[in-house]
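Chain by chain, the residues:
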Amino acid sequence: MARYTGAVCRMCRREGQKLFLKGTKCYSEHCPFVSRGFAPGQHGQNRKKVSEYGMQLRAKQTAKRYYGVLESQFYHYFELAERKPGQTGENLLRLLESRLDNVVYRLGLASSRAEARQLVLHNHFKLNGNKVNIPSLLVKEGDVITLSDKSRQSEKFKAIEETCGSRPVPMWLEMNRENYTGKVVRMPNRDDIDLEVEEHLIVELYSK
């Protein structure tokens, strides 16, 4: 399966905002974006005015990198969003937000979306009582995500609980930390998504 293997902190610097790709490091003083909050490269601090196309591209790249999906996957979500009633840009963000790996991350069961993807692939979670290993699976209202019994005893998840247990859970999700069970109370609204991006620019880019 194709995946990005380069330096992820460069992505945050390029997009001009924290994308929270390195887990706990993003919340510490050691985050490279804190000390070098400008675009990477020799001319990162001297970038000229961005064109209309450039703004559209940056919006798309920001959303794509935030959720950790590749270009073909991202465009597939855009096509799904177009077919749904309502605003395409908001539909797109809702679809990305409802990915299983993102939900695991939002519930505080992983320190980053990349880690959440790996944990889902390794069969650590159940969806409505059934084992799942597909990070891109889209959850629905009422779905219940639980940590498998064996995984609850592992040192890995004890460490995750220590570092991520206090992280706020979005209003559209519900988390019971005593039994490692999360529930999708409702589908997310745009106000529930903390990504700073103008999604209409993505729609304009793909509509050309």
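The paragraphs below set out a description of the structure included in this document. Remember, predicted model here, so these are calculated numbers, not experimental data.

## Observations concerning the overall build of the chain
Next, step 1: If you tally the helices and strands in the chain, you get 10 helices and five strands.
Next, step 2: Put simply, the chain has 208 residues, and 47% of those count as buried.
Next, step 3: When contacts within the chain are restricted to residue pairs at least 6 apart in sequence, long-range pairs at least 24 apart make up 57% of them.
Next, step 4: When the accessible surface of the chain is totalled, it reaches about 11,500 Å², and 49% of it is carbon and sulfur.

## Notes on the nonpolar core
Next, step 1: Counting residues in hydrophobic clusters, the biggest one holds 24 residues, and the most contacted among them are Leu100, Val103, Val104, Leu107, Leu109, Phe125 and Ile145.
Next, step 2: Mapped onto this core, the elements with two or more residues apiece are helix H6 (100–106), helix H7 (113–121), strand E1 (125–127), strand E3 (144–147), helix H9 (155–164) and strand E4 (173–176).
Next, step 3: Of all the elements, H6 adds the most residues to this core, at four residues.
Next, step 4: Membership of the second largest hydrophobic core comes to 19 residues, among which are Tyr66, Tyr67, Leu92 and Leu201.

## Description of the pairing of E3
Next, step 1: Pairing geometry for E1 and E3, over three bridges, is antiparallel. Note that in E3 the partner of Leu127 across the bridge is Ile145.
Next, step 2: By the bridge criterion, three bridges tie E3 to strand E5 (residues 181–184) in an arrangement that is antiparallel. Its bridge partner being in E5, Val144 is matched across the sheet by Lys183.

## Structural notes on the side chain of Thr146
Next, step 1: Turning to its location among the elements, Thr146 is positioned in strand E3.
Next, step 2: Excluding its chain neighbours within four sequence positions, the residues that come into contact with Thr146 are His124, Phe125, Lys126, Arg152, Tyr180 and Thr181.

## Describing the sheet that holds E5
What holds strands together in a sheet is hydrogen bonding between their backbones, with the strands either parallel or antiparallel.
Next, step 1: Across the sheet, which stays open at both edges, the five strands sit in the order E2-E1-E3-E5-E4 with antiparallel pairing between neighbours. Single-partner strands in this sheet number two, and they are strand E2 (130–132) and E4. Ignoring which end each strand starts from, the neighbouring axes of this sheet average 30 degrees apart.
Next, step 2: For E4 and E5, the ladder comprises four bridges, and the chain directions are antiparallel. By the bridge assignment, Leu173 is partnered in E5 with Val184.

## Some remarks on helix H3 (residues 52–67)
Next, step 1: Spanning 16 residues, H3 covers 23 Å between terminal C-alpha atoms, matching the ideal 22 Å at 1.5 Å per step.
Next, step 2: Three or more residues of H3 are buried, namely Gly54, Gln56, Arg58, Ala59, Lys60, Gln61, Thr62, Ala63, Lys64, Tyr66 and Tyr67.
Next, step 3: Gly68 occupies a position one or two residues after H3 and carries a positive phi of about 70 degrees.

## Observations regarding the environment of Val144
Next, step 1: With respect to the helices, strands and loops of the structure, Val144 is situated in strand E3.
Next, step 2: Classification of Val144 as partly exposed rests on a relative accessible area of 26%.
Next, step 3: The spacing of Val144 and Thr181 is 37 residues in sequence and 7.0 Å in space, taken between C-alpha atoms.
Next, step 4: With residues near it in sequence (within four places) discarded, Val144 still touches Lys126, Leu127, Asn128, Thr181, Gly182 and Lys183.

## Description of the packing of helix H4 (residues 71–83) against helix H10 (residues 199–206)
Next, step 1: Here H4 crosses H10 at 100 degrees, and the two axes come no closer than 12 Å. Put simply, H4 runs roughly perpendicular to H10. Along its contact with H4, which presents Glu71, Phe74, Tyr75 and Phe78, the element H10 presents Ile202, Val203 and Tyr206.
Next, step 2: Of the residues contributing to the contact of H4 with H10, the split by class is six nonpolar, no polar and one charged.

Cut-off values and rules
Residues numbered from 1 in each chain as written. Predicted model: local features only at pLDDT ≥ 70, side-chain atom pairs only at ≥ 80, totals over all residues. Heavy atoms only, no water. Helix = DSSP H or I, 4+ residues; strand = E, 2+ residues; numbered from the N terminus. Buried < 20%, exposed > 50% of the residue type's maximum accessible area, 1.4 Å probe, protein only. Contact = heavy atoms within 4.5 Å. Areas by Shrake-Rupley, 256 points an atom, 1.4 Å probe, with all protein chains shown as cover. Core = buried A, V, L, I, M, F, W, Y, C linked by side-chain atoms within 4.5 Å. Pairing = 2+ DSSP bridges. Axes fitted to C-alpha atoms, helices over the stretch in contact; angles between N-to-C directions. Expected span 1.5 Å × (residues − 1). Parallel < 35°, antiparallel > 145°, perpendicular 65-115°, else oblique. Nonpolar A, V, L, I, M, F, W, Y, C, P; charged D, E, K, R; others polar.

Take it as geometry only, folks, not as evidence of what the structure does.
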